[in-house]
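Each chain is listed here by its residues.
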Amino acid sequence: MNMIKVSNKGIQVKVSVFVYLDTEHPDNDMFIAYCPSLNLVGYGNGEENAKKDFEWVMNDYLSDMVSQGTLEEDLRNHGWTFSQSVFSEPKISDMMTKDEDLKDFIDKGLYHRINIDKTCMALA
């Protein structure tokens, strides 16, 4: 189950990420790591650099949302649900019905889907 769980040990995150070659600049070996459920993107030369950049962006996003006290509101705005202290990632199929661009992207199949699973930051 993909989710976000906030505790005093940190923010445990498991999200779906689509990794693909930037077709506008294929000669540069530029890859994009895109998480539709958070609307976050990382990029870099090669897949590993794109994933690392995405993780940095995600950590920064979570840090900002927690410090502003807006994490729950923002996740709900992105379709996440909350139950038993855990936010659950919306299904890709549900997001596709609401976002034609995402549907077109998924239908083209020019990506591979991975899960990012990590603890992002410790909370005081």
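Residues numbered from 1 in each chain as written. Predicted model: local features only at pLDDT ≥ 70, side-chain atom pairs only at ≥ 80, totals over all residues. Heavy atoms only, no water.

## Description of helix α4 (residues 100-108)
Alright, step 1. Within α4, burial applies to Leu102, Phe105 and Ile106. The arc enclosing the buried residues of α4, seen along the axis, measures out at 95°, which places them on a common side. The exposed residues of α4 that point more than 90 degrees off its buried face are Glu100, Asp101 and Lys108.
Alright, step 2. Looking at the packing, one finds that the buried side of α4 touches β2 (10-21), β3 (30-35) and α3 (92-98). (Buried < 20%, exposed > 50% of the residue type's maximum accessible area, 1.4 Å probe, protein only. Helix = DSSP H or I, 4+ residues; strand = E, 2+ residues; numbered from the N terminus. Arc of directions from axis to C-beta. Contact = heavy atoms within 4.5 Å.)

## Observations concerning the side chain of Glu89
Alright, step 1. Looking at the secondary structure, you find Glu89 in the loop between β6 (86-88) and α3.
Alright, step 2. Here Glu89 is buried and forms no salt bridge, its nearest opposite-charge partner Arg113 lying at an N-O distance of 5.2 Å.
Alright, step 3. Among the polar contacts made by the side chain of Glu89, one reaches the side chain of Asn2 at a distance of 2.7 Å.
Alright, step 4. When sequence neighbours within four positions are dropped, the list of residues in contact with Glu89 reads Asn2, Met3, Val15, Ser16, Cys35, Ser37 and Trp80. (Lys, Arg positive; Asp, Glu negative; His and termini not counted. Salt bridge = Lys/Arg side-chain N within 4 Å of Asp/Glu carboxyl O. Polar contact = N/O pair within 3.5 Å; in protein donor to acceptor, adjacent residues only side chain to side chain.)

## Observations concerning the pairing of strand β1 (residues 3-7)
Alright, step 1. Relative to β2, β1 runs antiparallel, the two sharing five bridges. In the sheet register, Met3 faces β2, and the bridge partner there is Lys14.
Alright, step 2. Once β1 ends, the chain turns through two residues before running back antiparallel as β2.
Alright, step 3. Pairing analysis gives two bridges linking β1 to β6, with the strands arranged antiparallel. Considered in β6, the bridge of Met3 is made with Ser88. (Pairing = 2+ DSSP bridges.)

## Comments concerning the pattern of salt bridges
Alright, step 1. If you walk through the whole model with that rule in mind, you get four salt bridges.
Alright, step 2. Of the charged contacts, one joins Lys51 and Glu48 as a salt bridge, the two residues approaching to 2.9 Å between their closest N and O atoms. With a gap of three residues between them, Lys51 and Glu48 both fall in helix α1 (residues 47-68), about one helical turn apart.
Alright, step 3. Residue class for Lys51 comes out buried when judged on its relative accessible area of 19%.
Alright, step 4. Judged by its relative accessible area of 48%, Glu48 is partly exposed.
Alright, step 5. Here Asp107 ties to Lys103 by a salt bridge, and the two come within 2.7 Å at their closest N and O atoms. Residue Asp107 and its partner Lys103 are located together in helix α4, separated by four residues, close to a single helical turn.

## Looking at the nonpolar core
Alright, step 1. In terms of nonpolar packing, the biggest core is built from 25 residues, with Ile4, Val15, Val17, Leu38, Phe54, Met58 and Leu62 touching the most fellow members.
Alright, step 2. Elements with a contribution of two residues or more to this core: β2, β3, α1, α2 (71-77) and β7 (112-119).
Alright, step 3. Among the nonpolar cores identified, the runner-up in size contains ten residues, and Tyr20, Ile32, Ile92 and Ile106 belong to it. (Core = buried A, V, L, I, M, F, W, Y, C linked by side-chain atoms within 4.5 Å.)

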